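The lines below spell out each chain.
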Amino acid sequence: QKEVEQDPGPLSVPEGAIVSLNCTYSNSAFQYFMWYRQYSRKGPELLMYTYSSGNKEDGRFTAQVDKSSKYISLFIRDSQPSDSATYLCAIRLIDTGNQFYFGTGTSLTVIP
Amino acid sequence: NAGVTQTPKFRILKIGQSMTLQCTQDMNHNYMYWYRQDPGMGLKLIYYSVGAGITDKGEVPNGYNVSRSTTEDFPLRLELAAPSQTSVYFCASSYGTASHEQYFGPGTRLTVT
């Protein structure tokens, strides 16, 4: 069983739409939850992280964690063409040599 | 700061050839990682290092070797290239267990034919 599973997409939405990106994870011991954004032909970069159940907002982005369901989500409000990228969820356990486990990524295209 | 740099950007290898992918970071990070990214497969950890002189296997280490003689450098060696090693390789670094952020290099696109 994979440590983390991610909806593969791809997603194509009109500018201004609300986007929902989702992942599930298998081990309830995972402590930290992150979202990375990867533009085409670039390395991933950290977008947001959280460690508790509930919501965390940063501008147009909201990260949501439900530890009871082992479910994590990223919501993008008022999506812009510049949000077009691949979004990867990531989880980690500090005790395992600081290893990060990444989802397979969801490709998002925001159409002007 | 240049961050994490990787060379080369692109490379084509013939089956059985060897090469070293270079990775350097100038942020004085203790932790460094090598991932490969295949289409639709996400990032898979090849090797990681928690400090100079210490390395450990990740999820897909077969066919690769690493060394970490300095804090800054973490080269990845392919000894006998195989078509299955065609991928995009990313090096990353992080400060340590307190950091949730990995800083990624721009990647090396490798094709083995």
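Residues numbered from 1 in each chain as written. Chains lettered and ligands numbered in written order. Predicted model: local features only at pLDDT ≥ 70, side-chain atom pairs only at ≥ 80, totals over all residues. Heavy atoms only, no water.

A. Layout of the overall build of chain B. Counting its regular elements, chain B contains 0 helices and 11 strands. Each helix (α) and strand (β) of chain B, taken in turn from the N terminus, gives the series β-β-β-β-β-β-β-β-β-β-β. A globule of 113 residues ought to have a C-alpha radius of gyration of about 13 Å, and chain B, at 13 Å, matches this closely. Residues classed as buried in chain B amount to 49% of the 113 residues present. Considering only residue pairs separated by 6 or more positions, chain B has 55% of its internal contacts joining residues 24 or more positions apart. Carbon and sulfur atoms make up 51% of the accessible area of chain B, which amounts to about 5200 Å² in all. Computing the positive centroid from 9 side-chain charges and the negative centroid from 8, chain B places the two 10 Å apart. (Helix = DSSP H or I, 4+ residues; strand = E, 2+ residues; numbered from the N terminus. Rg over C-alpha atoms; globule rule 2.2 N^0.38 Å. Buried < 20%, exposed > 50% of the residue type's maximum accessible area, 1.4 Å probe, protein only. Contact = heavy atoms within 4.5 Å. Areas by Shrake-Rupley, 256 points an atom, 1.4 Å probe, with all protein chains shown as cover. Lys, Arg positive; Asp, Glu negative; His and termini not counted. Charge placed at Lys NZ, Arg CZ, Asp CG, Glu CD.)

B. Highlighting the nonpolar core. Ranked by size, the top nonpolar core spans 25 residues in total, and within it W35, I72, L74, I76 and Y87 of chain A carry the most contacts. Listed by contribution, the elements that provide at least two residues to this core are β3 (19-25), β4 (32-38), β5 (45-50), β7 (61-66), β8 (71-76), β9 (85-92) and β11 (106-111) of chain A. One finds L13, M19, I46 and L110 of chain B within the second-largest nonpolar core, a separate group that totals 19 residues. (Core = buried A, V, L, I, M, F, W, Y, C linked by side-chain atoms within 4.5 Å.)

C. Broad picture of the sheet that holds β3 of chain A. Residues and elements named next belong to chain A. Strand order across the open sheet formed by 5 strands is β1-β3-β8-β7-β6, with antiparallel pairing between neighbours. At either end of the open sheet lies a strand with only one pairing partner, and these are β1 (4-6) and β6 (54-58). On average, adjacent strands in this sheet sit at an angle of 20° to one another, irrespective of strand direction. (Pairing = 2+ DSSP bridges. Axes fitted to C-alpha atoms, helices over the stretch in contact; angles between N-to-C directions.)

D. Looking closely at the interface of chain B and chain A. Contacts between the two partners involve 24 residues from chain B, matched on the other side by 21 residues from chain A. Carbon and sulfur atoms make up 55% of the surface buried where chain B meets chain A, a total of about 1800 Å² over both sides. At the boundary of chain B with chain A, the tally comes to 0 salt bridges. Counting across the chain B and chain A interface gives 2 residue pairs in polar contact (both at pLDDT 80 or more). Per element, the largest residue contribution to the side of chain B that touches chain A is 5 residues, and it comes from strand β5 (residues 42-51) of chain B. Class assignment of the residues belonging to the side of chain B that touches chain A gives a composition of 12 nonpolar, 10 polar and 2 charged. (Buried area = accessible area lost by both parts, 1.4 Å probe. Salt bridge = Lys/Arg side-chain N within 4 Å of Asp/Glu carboxyl O. Polar contact = N/O pair within 3.5 Å; in protein donor to acceptor, adjacent residues only side chain to side chain. Nonpolar A, V, L, I, M, F, W, Y, C, P; charged D, E, K, R; others polar.)

E. The arrangement of the confidence of the model for chain B in detail. Considering every residue of chain B, the mean pLDDT works out to 93; 98% of them sit at 70 or more. Highest mean pLDDT in chain B belongs to strand β3 (residues 19-25) of chain B (98); lowest belongs to β5 of chain B (92). (pLDDT = per-residue confidence, 0-100.)

F. Highlighting the sheet that holds strand β7 (residues 64-66) of chain B. Residue and element names in this part refer to chain B. Pairing within the open sheet is antiparallel, and its 4 strands lie in the order β1-β3-β8-β7. Single-partner strands in this sheet number two, and they are β1 (4-7) and β7. Here the strands of the sheet are splayed against their neighbours by 20° on average, with no regard to which way each runs. Bridge analysis of β3 against strand β8 (residues 76-78) gives 3 bridges, and the strand direction is antiparallel. Counterpart to M19 in the pairing with β8 is L78.

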